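Summary of the model geometry
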Amino acid sequence: MKRKPQRRVAVIGAGMSLFMRRALETGKELSYYAASQALETAGVRLKEIQAVVMATAPDAFDGVHMKGEWLLDGAGGVRKPYLRAYVGGGSGVFSIISGWTLVASGLFDLVLVVAEEKMSSCQPHPQGAFLTIFDHTIERPLGPNLLWIFSLEQHRYMATYGIRNEDIALVSVKNKRNALDHPVAQVAASLTVKDVLASEVVAWPVHRLMVSPISDGAAAIVLASEDVARRLSDKPIWVQGVGWSLDTSYWGNRDLAYPRYVERAARMAYEMAGISEPRRQIHVAEPYDPFAYKELHHLEGLQLSDKGKAPEDLARGRFERTGELPTCPSGGLMGVGNPIAAAGLMKLCELFWQLRGEAGARQVPGNPERGLAQAWGDLMQVGTVAILGVN
Amino acid sequence: MLEYGWDAGVAISRFLDGLKAGKILGVRCNVCGRTVTPPRAFCELDFKPIDAWVELPDTGTINTYSICYITWDMKPLRKPQIPAVIEIDGTTPRAGFLHLIGGVKGSSVESIRKQLRVGMPVRAVWRKPDQREGAITDILHFEPVRGRRR
Amino acid sequence: MRPASDQAPTVPTVLSALDQVEPRVWKGAMPVQFLYTAGAAGERFFQTLKRKGVFVVTRCEECRLTYLPPRIYCERCFADLSETWREVAPVGKVHTHTLVHVDRQGRNAASPTLVAFVRIDGTDGGLVTRLLEIAPADVRIDMPVELVLAPKRRRRGTLDDIIGFRNRR
Ligand SMILES: [Zn+2]
Ligand SMILES: [Zn+2]
């Protein structure tokens, strides 16, 4: 089936709040910081926005049931068509997909997309809410914690392809270093592989510095239909393709070495964008990196590396900011921080700035014309992909 | 703190009954040909009721394992937990489920890794019959089967 | 499409499957508590109330809206209101009221509580609060009321500093 979207959609503005361990603002206020900045860069007033998409992960993080509605005013959704986009950790990228459907369908010409997370409210640890992703009857009685799934998946990935932990630690090194150039970053650092492997083992093979932090923060973008984008913006950045897919909720029944859900999502987006050779046609990528190994795992699912070969590509510099395919030039979740939904939308903000040549110290060389952002989540089963380009 | 009473449902209630009797039950779908455990009432790939219940052996292999030194609320564990995905013999490859590994000595990463590897055969260690309550914890853990080759 | 199979079970097989087992209920909890922030606007509201016994509000001139509780932005036009602080007297009118006979667990309360939404004069907002020193039968819509605050030394900069509102004398 050939997908033929009705109308072209562009990103014309982007904004972010600071990402930090504990913000004393409310989630509404964080949302406002990001959303008002996105509107300002787009040169659009809130009154012109016709609909608002809000992405925010489990209610139990902020401790507000129905927090989509609670965040409404900070997201600029008062008295407007408003919807909450939610696929767990995949929500940030799913939010642009949801906004895109609203504009591509012809329903609206100007849509504000906002993502927020305030994980610091949750005590003693947001894992208390995360625990419910384990089956209540046949998994939780075993005393699990969230790290289990990631450490189990990383180990299977390593065992299947003979990958060493040193190869994976390099993701933390690269992303935390890239984040030194990001003004909102929470955990930027100049580290070596040795430093990462010297950090505490939390759940072997995962060390403390291979895990993204708990964060508060918000991000936002403005989407416009083609006519409106051309009128309002000198440099609209086009949404060329979107894709998403969910695999079975029986996570133990999946191939843990390979994220097939990401492949499905990517193939859908590539087809829509008319991309047949992603490794040549994608110039900058923001794969989802809540854990160091996840960036590599996802690059393979995205067909940007061969199966089991992403670590080698990383080691030879292919994914550096000046490499052949820069990945997470923002600093990613490992460096900028991980306010769940906001972190995914942060990746799209980064592509917007990179493709407009406005990323400052983070700018990848060579005037990139097309970028890809990807997120992952729900019960570790969803892949969400969006491809942006300059034309 | 929110408290809940969750219904285990058709398939898992029967699975728990099996555990109480010292059996690991699985289900088969004749369309995709998969045999999987934990059981489910319907095949999520073919969207039809499962075709048969099967009794599986209590042996399997380690698909992957981890050595975890912290609790969910980030308290340190001196004796690590060893969660694993176990593929029960007789189920479709890569259709594993979460449980724990036990019966290994030491608590350091090095000593535990010497005793375990992906693909290693394991066997369920059960609670005594009179102590079982029809819970996933009726299997205390899986332990390596020494001297067995696959 | 999947070919129709003679062994394809029918839907009622599924619906009756619970007959074959003793259905189990599994007890558990979501072990979470929260540390909420009052935020930039909320913090100023509570600190001013604690120190001076008055309400601070913000105002959007363009939308002609005065926010109580205050906000740092206008929800209609997104104007930045963080430079528009002003103080208003803690007086208002009963916008609506109710008499609550049950507690939060749904049990009958020992004595009913008189609860009102009080619109604060000179603002477009107000507060949910208790009405004090008045019999339920004597409350009237639009009745003028005034704030009753905890004594200054007992105020903690939280909503509990507000004991309630009473008839304005
Ligand atoms: Zn099937
Ligand atoms: Zn206004």
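Now for a quick tour of the structure. Predicted model, so just to flag it, every value in this text is computed and none were measured. (Residues numbered from 1 in each chain as written. Chains lettered and ligands numbered in written order. Predicted model: local features only at pLDDT ≥ 70, side-chain atom pairs only at ≥ 80, totals over all residues. Heavy atoms only, no water.)

Some remarks on the overall build of chain B
When its secondary structure is counted, chain B shows two helices and 13 strands. In terms of overall dimensions, chain B has C-alpha extents of about 45 × 45 × 30 Å along its principal axes. In chain B, which comprises 150 residues, the proportion classed as buried is 55%. Within chain B, counting contacts between residues at least 6 apart in sequence, those at least 24 apart form 55% of the total. Of the accessible surface of chain B, which amounts to about 7000 Å², a share of 52% is contributed by carbon and sulfur atoms. Here chain B carries 23 positive and 16 negative side-chain charges, and the mean point of each set is 9 Å from the other. (Helix = DSSP H or I, 4+ residues; strand = E, 2+ residues; numbered from the N terminus. Buried < 20%, exposed > 50% of the residue type's maximum accessible area, 1.4 Å probe, protein only. Contact = heavy atoms within 4.5 Å. Areas by Shrake-Rupley, 256 points an atom, 1.4 Å probe, with all protein chains shown as cover. Lys, Arg positive; Asp, Glu negative; His and termini not counted. Charge placed at Lys NZ, Arg CZ, Asp CG, Glu CD.)

Digging into the side chain of asparagine 178 of chain A
Tracing the backbone shows asparagine 178 of chain A in helix α7 (residues 165-178). When sequence neighbours within four positions are dropped, the list of residues in contact with asparagine 178 of chain A reads Arg321, Thr327, Cys328, Pro329, Ser330, Gly331 and Arg362 of chain A.

Some words on the sheet that holds strand β10 (residues 284-286) of chain A
Residue and element names in this part refer to chain A. Pairing in this open sheet of nine strands is mixed, and the strands run β3-β2-β4-β8-β1-β9-β12-β11-β10 from one edge to the other. Single-partner strands in this sheet number two, and they are β3 (82-85) and β10. Direction aside, neighbouring strands of the sheet carry axes that sit 25° apart on average. As judged from the eight bridges shared by strand β11 (residues 370-377) and strand β12 (residues 382-389), these two strands associate in the antiparallel manner. By the bridge assignment, glycine 371 is partnered in β12 with leucine 388. Its contacts with the sheet place helix α4 (residues 91-104) against β1 (9-16), β2 (51-55), β3, β4 (110-118), β8 (216-225), β9 (237-246), β11 and β12, and it is angled at close to 60° to β12. Taken strand by strand, helix α10 (residues 260-273) contacts β9, β11 and β12, and its axis lies near 145° from that of β9. (Pairing = 2+ DSSP bridges. Axes fitted to C-alpha atoms, helices over the stretch in contact; angles between N-to-C directions.)

Some thoughts on the coordination of the zinc ion (ligand 1)
The expected angle between donors at a tetrahedral four-coordinate metal is 109.5 degrees. At an octahedral six-coordinate metal it is 90 or 180 degrees. Residue and element names in this part refer to chain B. Every protein donor of the zinc ion (ligand 1) is accounted for by Cys29 (SG), Cys32 (SG), Cys43 (SG) and Asp46 (OD), and the metal-donor separations fall at 1.8 to 2.4 Å. For the zinc ion (ligand 1), the four donor atoms are set out with angles of 104 to 115° between them, so the coordination reads as tetrahedral. Along the chain, the residues that donate to the zinc ion (ligand 1) are spaced as C-x2-C-x10-C-x2-D. A relative accessible area of 3% places cysteine 29 in the buried class. For cysteine 32, a relative accessible area of 32% translates into the label partly exposed. (Donors = N, O, S within 2.8 Å, 3.2 Å for Na, K, Ca; no water. Tetrahedral: all angles 85-135°; square planar, octahedral: opposite > 155°, others 65-115°.)

Some remarks on the packing of helix α6 (residues 147-161) of chain A against helix α12 (residues 292-301) of chain A
Residue and element names in this part refer to chain A. In contact at an axis separation of 10 Å, α6 and α12 are set at 60° when each is read in the N-to-C sense. The angle between α6 and α12 falls in the class oblique. Where α6 crosses over α12, the two elements pack in a sense that is left-handed. Mapping the contact onto sequence places Phe150, Glu153, Gln154, Tyr157 and Tyr161 in α6 and Tyr293, Lys294, Leu296, His297 and Glu300 in α12. When the residues that make up the contact of α6 with α12 are grouped by side-chain class, the tally is five nonpolar, two polar and three charged. (Parallel < 35°, antiparallel > 145°, perpendicular 65-115°, else oblique. Left-handed = near helix turned anticlockwise from the far one by under 90°. Nonpolar A, V, L, I, M, F, W, Y, C, P; charged D, E, K, R; others polar.)

A few points about the pairing of strand β9 (residues 76-81) of chain B
Residues and elements named next belong to chain B. Sheet analysis places strand β8 (residues 67-70) next to β9, joined by two bridges and oriented antiparallel. What sits directly across from cysteine 68, in β9, is glutamine 81. In this structure, the hairpin formed by β8 and β9 is closed by a connection of five residues, where methionine 74 is found at a positive phi of approximately 65°.

Brief notes about the nonpolar core
Counting residues in each nonpolar core, the largest one holds 150 residues, and the members touching the most others are Ile96 and Leu223 of chain A together with Ile101 and Phe142 of chain B. For this core, the element with the highest residue contribution is helix α15 (residues 340-355) of chain A, accounting for twelve residues. Formed by 55 residues, the second largest nonpolar core is a distinct cluster that contains Leu30, Ala224 and Ala229 of chain A together with Val94 of chain C. (Core = buried A, V, L, I, M, F, W, Y, C linked by side-chain atoms within 4.5 Å.)

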